[in-house]
Amino acid sequence: MLNRIWQLIIKEFIQLFRDRLMAPFVLLGPLTELLMIAWSTSQGIDHLPTAVLDLDQSNASRGLITAMVNSETFDPYFVASFDEITEEIDRGRALVAWTIPRGFQTQLLDLSGDAPAVQVIVDGADVVAAQTAAEVAQGVVASYGQQVAVQSSPAAAGLFPLDVSLRVWFNEEMKESNYMIPSELGFIAAAITAMVASMAIARERELGTLEQLMVTPLRSVELVIGKSVMAVALGYTEFLLMLGMVVWLFDVPMRGSYPLLMVLALLYMLVELGWGLMISAVARTQMQALLIAFAVIMVMIIFSGYAFPVETMPRFMQIIANFFPLKHWLVVFRSILLKGAGVSVFWRELLAIAGLGAAIYTGTVLLLRRRRLQ
Amino acid sequence: MTSRLIIETDQLARAFGDVVAVDGLCLQVRPGEIFGLVGPDGAGKTTTIRLLAAIMDPTGGSARVAGFDTVTEPEPIKRRIGYMAQRFNLYGDLSVWENLNFFADVFEVAGSERRERIERLLNFARLTEFRDRRAAHLSGGMQKKLALACTLIHTPEIIFLDEPTTGVDPVSRREFWGILTDLHLEGITLVISTPYMDEAERCSRVGLMYQGSLVVCDTPERVKAMTRGELIALWPSDPRRAKDILARHGEVLEVQTYGDQLRLFVRDAGSAMGWIDTALAAHGVEVLEMRPTRPRMEEAFISLIQGRMASEGS
Amino acid sequence: MNWRRVLSIMRKEWWHITRDRASFVLLMLSPVLVLVTMGYAFSVDIKDVKIGVLDQDLSQLSRAYLAQLSSSGALRLEALPASLSEVEQLLMRGQVKAVVVIPRGFERDLKAGRTGAVQVVVDGTDPSTAGHAIRHIGSHTEHFAAQQVGDRLARLGISLNRLEPIELRLRAWYNPSLRYTVSMIPALVGIVLSVPAMAASLALARERELGTLEGLIATPIGRTELIAGKLVPYMLAGLLSVPLCVATAVYGYNLDFHGNLWLYLALSAVFLFATMSIALFISIFAKSQQVAIMASMIIFLFSGFFMSGLLIPFALMGPLLKLEAFMFPTTHFVIISRGIFVKGVGLGELQGYSIALVGIGVVFMALTVLMFKKKL
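Everything numeric in this text was worked out from a predicted model, so none of it was measured.

J.: Explain the overall build of chain B to me, and be specific about the residues and the numbers.
T.: A count of helical and extended segments in chain B gives 11 helices and 15 strands. If you line up chain B on its principal axes, its C-alpha atoms span 75 × 45 × 40 Å. For chain B, the proportion of its 314 residues judged to be buried stands at 53%. The contacts in chain B between residues at least 6 apart in sequence include a share of 70% that link residues at least 24 apart. Of the roughly 13,800 Å² of accessible surface on chain B, 48% is carried by carbon and sulfur atoms. Computed over 37 positive and 44 negative side-chain charges, the separation of the two mean positions in chain B equals 1 Å.

Structural data, given as structure tokens:
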């Protein structure tokens, strides 16, 4: 049995490297892609192009604009009329627009009257940027207001009797990239493995070589194992390359144990690959495999927590998310990277991954067996 | 050579990296011939046909097909030829009729002519009753006939067939050759590669390819005449030992084995019939049957290849 | 160019698409399916962040502060740890994202008019969630503090509403309540619409792999005809799923379609043309379907999701990334789709992006036709 599997593995590798484009594509493609993506996310949501309509032209309004610039979230440029603001936002040139009203300084310094109003318009069509802009704008306005108030009336100093001291753990500088890049890495490695594996059996079926394999004494289990090794080898190499890149190039901290991470990553790869093999067992042609894999991968990306933490999703989605190994893996992966955690922290996730793996593999072998009988 | 040539190659060569598939091939085909390309696997038959069909560029030399150069003027060639690849290359998910219809479109066969021709080809290939069946669901022989029908849709002047009958049962094979003969009688030039020697005998001329070049190129009769000496068919009780014994004999030029049968090329068949019996009996091998016979393409082929290999080895 | 031949390839291709019923259904429905799931996942817009409070003061005021913290939907009080080591456990396991530590003497300090101190410990792993927690804890704290000092304000002759020295009037245009679905679904259309392009690149690679291309190039069919014949059916299949996507968004997720539907369809067609050109360009080099799939997945799926401006606005990318994103059709289509769908703008505002799409399509199509050789 071992020999048969070994022969199959060799055949897979020969086929892979025979195609001169395939190997570099599979190995370098995702790596370059991660490089680009990580690069783009490491910048985070800041320096949003911001149209400013300053109708007051006073020291106070300029002070507010300086505070805005200092937040590094806004990159202001001036416009002369409200119509221009509409135009800039409609065309997508500005994502935020501030309007400072006439009389801003006067109202601000007169503590007995009403507070001056600053209008901030965000482009709701781009909700991620809009939300950040809205939250940061609140902070900028509040702290600038307090600063002015304290300066103008020393008595107001006691108005803010609670001092909040902040301590951030695990990702001390709160770098967006420390969260995003591991997600992207996990996703890309998973997607590549699943994609390569999903083609594996479908390809043999389409080209008619599966028939040939089926008449040999090779059993379904052996076929599945033989096919897996190559995809896992690919996925794992990919993972190590990407991990190296992420740690060296993007300064993502690695606080946990390398051996632990390596072992768990291999386990996880095996499970992720099961997904691909399952698709492969169902699909009759490579086209079908592609289309199914696309849908699965897109759903996977949702549960990677890349865009939104899974905890904020509707209840039903949270339940579904548990069926995707990626969700559990990212908890493990981030815990090791950022928190330096050990198995005692994430044993539940590991158990879930192992359980899913067992279920997926059993399903695949059963599916292959049934298809053969048809 | 009285008539002009329809295919002519000059030192045609094609290499794939270090492997030379076709090496300085000089080939001449006259209009209306059935030209057979024979040779062992890997001799370069498929590459030659692809080069002639203008779907592959040579790495050396040149070829003219129907008066056009295959590198600089491939499109006029493609309008005048039909090409049937070795692998089944029709659309499996399209029906017989849809496949024919598609190629009729591609070759711009239109109107009543197209309807008439499709009917005639379906009839000709005996596929009329299968016209709505998907090509993938046809038997191997029917697939080949459909592929041939598709290459005939535009009444080409030349048809290239790359091992068209490989993997086809004898009855279908016979039928297929019936169709080819009809085409030949219509005056179409056929270039066909085949591993079967009986098919080679049906050709007007055969070219024997070995390691990318032509060893011989002549009519089947003359090719067969190229063998040395006379041929004896022999059924000994122990073919293996008999072969060893006879191969050492000075009178024997060459021994070939066909199952239980040995075929011996000897200088003189008449005298050999006498001494073979005794020579074998001396080693305890009995002669079950023995008779003089005429060489077939197969013996000629093996003899020529072995001769070539021997001359290269020395 | 012979139109009959183009038509014949198109018809054949259409047969291929529709004959394999499973693939056809997947091709038409997978965009919608993905849209539905992703849309649903994004449909909760309030992030309720789980927090813990370590109350070391255990006074009346600390309990009032605690009540203030859990008074809105934005923060959910999940745990009341009793010690600092428990706080560490909670954060390590990710059970809470932040813990507020109310020190001993909290009430005493406040009552005495001294500045009290609370400490917030945050799990910075996910900075956006962490930031959300910090901001909400901060504003609750300010609010609580203001209530405590109301009497002192009166003495100073400052009205309570001046606690916020500047009033911020925040308005989100096009999407007043900043719903994620409003912004995400139109952008996702750009990603799911690359499915037909991926299928097209596979279609050409399949002919090569199965050997049917060999038969095809031995015929007088022109390469332009062949490419055009491949392109159109898949574009058509893609165009058919556009109304499905719009319908899903409008009826499934209650989005308003603000722009002109015909313009949307027309620009979708231009977008499909651009993606198909790239896809076919890839498949010239792909000897097998596997290579075609890997390449188109890397280009359409990864770039599509991460670099198209779906999450990080195009305007924020660095010059080099901008260049890559600029060559990538989805980037432009995300802006166009949001523009028409959400903002209701017309061709005037979108002409730059539309021209870019046409340019990308034409350039890659030209390269494809030039580099496709009718040879083995």
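J.: Requested: an account of helix H9 (residues 195-210) of chain C, with residues and values cited.
T.: Residue and element names in this part refer to chain C. Look at H9: 22 Å from first C-alpha to last across 16 residues, which is about the 22 Å you get at 1.5 Å a residue. Along H9, 14 of the 16 residues are buried, which leaves the element largely enclosed by surrounding structure. One or two positions beyond H9, positive phi appears at Gly211, with a value near 90°.

J.: An account of the interface of chain C and chain B is requested, with residue identities and associated values reported.
T.: Buried accessible area, meaning the area lost when the parts come together, often serves as the stated size of an interface. In this complex, chain C contributes 26 residues to the contact, which on the side of chain B involves 31 residues. For the pair chain C and chain B, the summed buried surface comes to about 2,700 Å²; carbon and sulfur atoms form 54% of the total. Its largest share of buried area at the contact with chain B, chain C owes to Arg19, Pro220 and Lys375 of chain C, together 23% of the area lost on that side. For the interface between chain C and chain B, the tally reads three salt bridges. In this structure, Arg50 of chain B and Glu214 of chain C form a salt bridge, with 2.9 Å as the shortest nitrogen-oxygen distance. At the surface where chain C touches chain B, the tally comes to 10 residue pairs in polar contact (both at pLDDT 80 or more). When residues of the side of chain C that touches chain B are assigned to their parent elements, the largest contribution, nine residues, is made by helix H1 (residues 3-19) of chain C. Class assignment of the residues belonging to the side of chain C that touches chain B gives a composition of nine nonpolar, seven polar and 10 charged.

J.: Can you explain empty space enclosed by the protein? Please cite residues and give values.
T.: The gaps left among the atoms become clear once a water-sized probe is rolled over them. On inspection of all chains with the given rule, the structure shows four cavities of 30 Å³ or more. Considered as a void within the structure, the largest cavity measures approximately 120 Å³ in volume. As for the largest cavity, its lining consists of 15 residues, of which Tyr83, Phe103, Cys150 and Thr151 of chain B together with Gly215 of chain C are closest to the centre. For the lining of the largest cavity, the secondary structure elements donating two or more residues are strand E7 (81-84) and helix H5 (140-152) of chain B. Tallying contributions element by element places E7 of chain B first for the lining of the largest cavity, with four residues. Of the residues belonging to the lining of the largest cavity, the class tally is nine nonpolar, six polar and no charged.

J.: Provide a residue-level description of the nonpolar core, including the pertinent values.
T.: In terms of nonpolar packing, the biggest core is built from 309 residues, with Trp98, Phe187 and Trp329 of chain A, Leu100 and Phe160 of chain B together with Phe302 and Phe305 of chain C touching the most fellow members. Take this core: its biggest share by element is 15 residues, from helix H11 (residues 286-303) of chain A. Counting residues in hydrophobic clusters, the runner-up holds 20 residues, among them Leu61, Phe106, Val120 and Ala130 of chain C.

J.: Mind laying out the sheet that holds strand E15 (residues 287-293) of chain B, listing which residues take part and the relevant values?
T.: Residues and elements named next belong to chain B. In spatial order, the strands read E13-E14-E12-E15; together these four strands make up an open sheet with antiparallel pairing. Across the chains shown, the open sheet's two edge strands, defined by having one partner strand only, are strand E13 (252-258) and E15. On average, each strand axis in the sheet is inclined to that of its neighbour by 20°, with strand direction left out of account. In terms of strand pairing, strand E12 (residues 230-236) meets strand E14 (residues 261-266) through five bridges, oriented antiparallel. In the strand pairing of E14, Ala233 is matched with Arg263. On top of the sheet, helix H9 (residues 239-247) reaches E12, E13 and E14; it is set at about 10° to E14, its chief contact. In the packing of helix H10 (residues 269-281) onto the sheet, contacts are made with E12, E13, E14 and E15, and the angle to E12 comes to roughly 25°.

J.: Can you break down the interface of chain C and chain A residue by residue, with the values?
T.: Taken together, the contacts link 119 residues of chain C with 123 residues of chain A. Across the chain C to chain A interface the summed buried area is about 11,400 Å²; carbon plus sulfur atoms make up 70%. Summed over the shared surface of chain C and chain A, the result is three salt bridges. The partner of Lys343 of chain C in a salt bridge is Asp123 of chain A, with the nearest N and O atoms 2.9 Å apart.

J.: Run through unusual backbone geometry, naming residues and quoting values.
T.: Residues and elements named next belong to chain B. In this structure, Arg126 takes a positive phi of about 55° despite not being glycine. With respect to the helices and strands, the residue Arg126 is situated in the loop between helix H4 (111-124) and H5. In this structure Arg126 comes out as partly exposed when scored by relative accessible area, which is 46%. For Glu163, which is not glycine, the phi torsion reads 40° and is therefore positive. Relative to the assigned elements, Glu163 resides in the loop between strand E8 (158-162) and helix H6 (170-185).

J.: Can you explain the pairing of strand E9 (residues 189-193) of chain B? Please cite residues and give values.
T.: Residues and elements named next belong to chain B. Burial analysis of E9 places five of its five residues in the buried class, the great majority of the element. On E9, burial covers both faces: Thr189, Val191 and Ser193 on one face and Leu190 and Ile192 on the other are all buried. Where strand E4 (residues 34-38) meets E9, four bridges bridge the pair, whose relative direction is parallel. By the bridge assignment for E9, Leu37 is matched with Ser193. The pairing of E8 with E9 spans five bridges and is parallel. Among the inter-strand pairings, Phe160 is bridged to a residue of E9, identified as Val191. As a crossover connection, the stretch from E8 through H6 into E9 is right-handed.

J.: Just give me the short version of the environment of Thr364 of chain A, but keep the residues and values in it.
T.: Structurally, Thr364 of chain A is set in helix H14 (residues 343-373). Put simply, Thr364 of chain A and Ser344 of chain A are 20 residues apart on the chain and 31 Å apart in space, counted from C-alpha to C-alpha.

J.: Before we move on, can you summarise the side chain of Thr73 of chain A with the specific residues and values?
T.: Inspection of the secondary structure assignment puts Thr73 of chain A in the loop between helix H3 (59-70) and strand E2 (74-78). The contacts of Thr73 of chain A, once residues within four sequence positions are left out, are Asp46, His47, Leu48 and Val136 of chain A.

J.: Talk me through the packing of aromatic side chains; I want residue IDs and the actual numbers.
T.: Taken as a whole, this structure holds 23 aromatic pairs over all chains when the rule is applied. Ring centres of Phe102 of chain B and Phe103 of chain B lie 5.2 Å apart, and the angle between their planes is 75°; on these two criteria the pair is classed as edge-to-face. Assigned by exposure class, Phe102 of chain B and Phe103 of chain B land together as buried. Ring centres 6.0 Å apart and planes at 80° place the aromatic pair Tyr264 of chain C and Phe341 of chain C in the edge-to-face group. Taken as a pair, Tyr264 of chain C in helix H12 (residues 261-285) and Phe341 of chain C in helix H15 (residues 329-343) lie far apart in primary sequence, 77 residues in all. Residues Tyr264 of chain C and Phe341 of chain C agree in their burial class; the two are buried. A network of ring pairs unites the aromatic residues Tyr236, Phe239, Tyr268, Trp329 and Phe333 of chain A as a single cluster. Taking the ring centre of Tyr196 of chain B as reference, the NZ or CZ of Arg173 of chain B above it sits at 4.0 Å. One cation-aromatic arrangement involves Lys12 of chain C over Phe102 of chain B; the distance from NZ or CZ to the ring centre is 5.5 Å.

Procedures and definitions
Residues numbered from 1 in each chain as written. Chains lettered and ligands numbered in written order. Predicted model: local features only at pLDDT ≥ 70, side-chain atom pairs only at ≥ 80, totals over all residues. Heavy atoms only, no water. Helix = DSSP H or I, 4+ residues; strand = E, 2+ residues; numbered from the N terminus. Buried < 20%, exposed > 50% of the residue type's maximum accessible area, 1.4 Å probe, protein only. Contact = heavy atoms within 4.5 Å. Areas by Shrake-Rupley, 256 points an atom, 1.4 Å probe, with all protein chains shown as cover. Lys, Arg positive; Asp, Glu negative; His and termini not counted. Charge placed at Lys NZ, Arg CZ, Asp CG, Glu CD. Expected span 1.5 Å × (residues − 1). Buried area = accessible area lost by both parts, 1.4 Å probe. Salt bridge = Lys/Arg side-chain N within 4 Å of Asp/Glu carboxyl O. Polar contact = N/O pair within 3.5 Å; in protein donor to acceptor, adjacent residues only side chain to side chain. Nonpolar A, V, L, I, M, F, W, Y, C, P; charged D, E, K, R; others polar. 1 Å grid on protein atoms, 1.4 Å probe; cavity = no way out; pocket = protein on both sides within 12 Å on 5 of 7 lines; lining within 4 Å. Points joined across faces, edges and corners; volume = space filled by probe spheres on them. Core = buried A, V, L, I, M, F, W, Y, C linked by side-chain atoms within 4.5 Å. Pairing = 2+ DSSP bridges. Axes fitted to C-alpha atoms, helices over the stretch in contact; angles between N-to-C directions. Right-handed = clockwise from strand over helix to strand, strands pointing away. Phe/Tyr/Trp six-rings, centres within 6.5 Å; stacked < 30°, edge-to-face > 60°. Lys NZ or Arg CZ within 6 Å of the ring centre and 35° of its normal.

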